[in-house]
Amino acid sequence: MSSSSLAALPEVEPQPGKPPILHVEAPGDAPHWAAENRDALRAQVTEHGVLLIRGLDLQEADQVGAVFAGLAGDLMTEREAFAPRQAYGHGLYSSSTWPANQPMCMHHELSYRLEFPGLMLFACPSAPSQGGATAVADAERVLQALPAALSERFEREGWLLTRSYNDEIGASLTESFGTDDRAAIERYCRAHAIDFAWQPDGSLHTQQRRSAVVRHPLTGRRCWFNQIAFLNEWTLASEVREYLVDVYGEDGLPFNTRFGDGTPIGEDVVHLLNAAYEEHTRREPWQAGDLMLVDNVRTAHSREPFTGERQVLVAMAEPQRPADHCLPLEASRR
């Protein structure tokens, strides 16, 4: 097959409530097939915001890594992770460690970083027995579905992420920053517009303010782009939130989000955001061997609860760094 024409690939299968699905016959050399068809596949992602490719029979991490590299070139090293991952080589990771019975709500990967991936790549060597879909939602439509007063406030103020790093829950300092050296962590924070404070017990507290709405780098269209709902305390299961507040206090939660001026975000707002996501969610259960490409700006993704063994490998590529994504923290200190 040649990458010079979209006609070289089968038609994408459109179905209501599902991401676009491309059915292919398993090639003898999946990495070679991916590299040859890169342009055609990426054009479909540009058109639809997401593409699920079924039939590649991806099974091994080395094979997946080679497919990802053929499609995206150089893969990003993750920094500022909120949950641990297992590394399988440069830029190739397991999905985030998260309880199987708890959803990972809709979000845009690393949208709190100054530099975030423009493209997400997922592969499923082993599908769960039930649930566990990586669902997707159109960020343009989600933004349009939000009440104007709310979206305008977030667009005006941005959003604030607070984090408290400890050794008991969430990613450790080493897992997030790639080092446990205090001086190196401080240098990273200063270079990436992260306010930080070491606590008496040696833990680290940070906060950073980012845009909640960004323009797509190709289309220029406004997209709801953040992790406001996912990393907010009210998205946690009630018993989990109560436990964390009891142990760490209201200001010591492993992560939490606020309005850009520092005002707490109410439970009603979080429920409204998640309802807007759900209204525009498309989902398709994983099948073993599947590959999915996601435009990380245009398309939010989630992970639904599951049972059984689920292995999904992840990579991030095409780093983006919009000049207006970083907002000064002064507005949160009024």
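What you are looking at is a predicted structure, and each value in this text was computed from that prediction instead of being measured.

### Structural notes on the pattern of salt bridges
Part 1: In total, this model carries 18 salt bridges according to the counting rule given.
Part 2: Put simply, Asp251 and Arg258 hold a salt bridge, and the shortest N to O gap is 4.0 Å.
Part 3: You can call Asp251 exposed: its relative accessible area is 63%.
Part 4: Taken together, the shared-partner salt bridges connect Lys18, Arg54, Glu284 and Asp290 into one network.

### Observations concerning the packing of helix α2 (residues 38–48) against helix α3 (residues 61–72)
Part 1: Packing of α2 against α3 brings their axes to within 9 Å, and their N-to-C directions diverge by 75 degrees. With respect to α3, the element α2 is oriented roughly perpendicular. The residues of α3 that touch α2, namely those facing Arg38, Leu41 and Arg42, are Gly70, Leu71 and Ala72.
Part 2: Broken down by class, the residue content of the contact of α2 with α3 amounts to three nonpolar, one polar and two charged.

### So, the pairing of strand β2 (residues 50–54)
Looking along a regular strand, one sees the side chains alternate between the two faces of the sheet.
Part 1: Counting buried residues along β2, five of its five residues qualify, which places the element largely inside the surrounding structure.
Part 2: Here β2 shows two buried faces, one formed by Val50, Leu52 and Arg54 and the other by Leu51 and Ile53.
Part 3: Relative to strand β15 (residues 290–295), β2 runs antiparallel, the two sharing four bridges. Bridge pairing in β15 links Val50 to Val294.

### Remarks on the side chain of Glu304
Part 1: Tracing the backbone shows Glu304 in the loop between β16 (299–303) and β17 (306–307).
Part 2: Looking at Glu304, the relative accessible area reads 18%, which means it is buried.
Part 3: Ignoring anything within four residues of it in the chain, the contact list for Glu304 reads Gly132, Ala133, Ala135 and Arg283.

### Remarks on the packing of aromatic side chains
Part 1: The final tally for this structure, using the stated rule, is 10 aromatic pairs.
Part 2: A ring pair is formed by Phe82 and Trp98, whose centres lie 5.7 Å apart and whose planes are at 80 degrees; its orientation type is edge-to-face. With Phe82 in the loop between α3 and β3 (93–94) and Trp98 in the loop between β3 and β4 (104–107), the pair connects residues that are 16 residues apart, well separated along the chain.
Part 3: On the basis of an interplanar angle of 75 degrees and a centroid distance of 5.5 Å, the ring pair of Phe177 and Tyr188 is categorised as edge-to-face.

### Considerations on the nonpolar core
Nonpolar side chains in soluble globular proteins tend to be buried together.
Part 1: Formed by 54 residues in total, the largest nonpolar core has its most connected members in Phe82, Phe122, Phe154, Trp224, Ile228, Leu273 and Met292.
Part 2: With five residues, the single largest contributor to this core is helix α9 (residues 267–279).
Part 3: With residues up to four places along the chain from it excluded, the contact list for Phe154 reads Trp159, Ala212, Trp224, Ile228, Phe259, Ile265 and Val269.
Part 4: In this structure, Ala30, Val67, Leu119 and Leu313 belong to the second largest nonpolar core, which totals 30 residues.

Criteria and thresholds
- Residues numbered from 1 in each chain as written.
- Predicted model: local features only at pLDDT ≥ 70, side-chain atom pairs only at ≥ 80, totals over all residues.
- Heavy atoms only, no water.
- Salt bridge = Lys/Arg side-chain N within 4 Å of Asp/Glu carboxyl O.
- Buried < 20%, exposed > 50% of the residue type's maximum accessible area, 1.4 Å probe, protein only.
- Axes fitted to C-alpha atoms, helices over the stretch in contact; angles between N-to-C directions.
- Helix = DSSP H or I, 4+ residues; strand = E, 2+ residues; numbered from the N terminus.
- Parallel < 35°, antiparallel > 145°, perpendicular 65-115°, else oblique.
- Contact = heavy atoms within 4.5 Å.
- Nonpolar A, V, L, I, M, F, W, Y, C, P; charged D, E, K, R; others polar.
- Pairing = 2+ DSSP bridges.
- Phe/Tyr/Trp six-rings, centres within 6.5 Å; stacked < 30°, edge-to-face > 60°.
- Core = buried A, V, L, I, M, F, W, Y, C linked by side-chain atoms within 4.5 Å.

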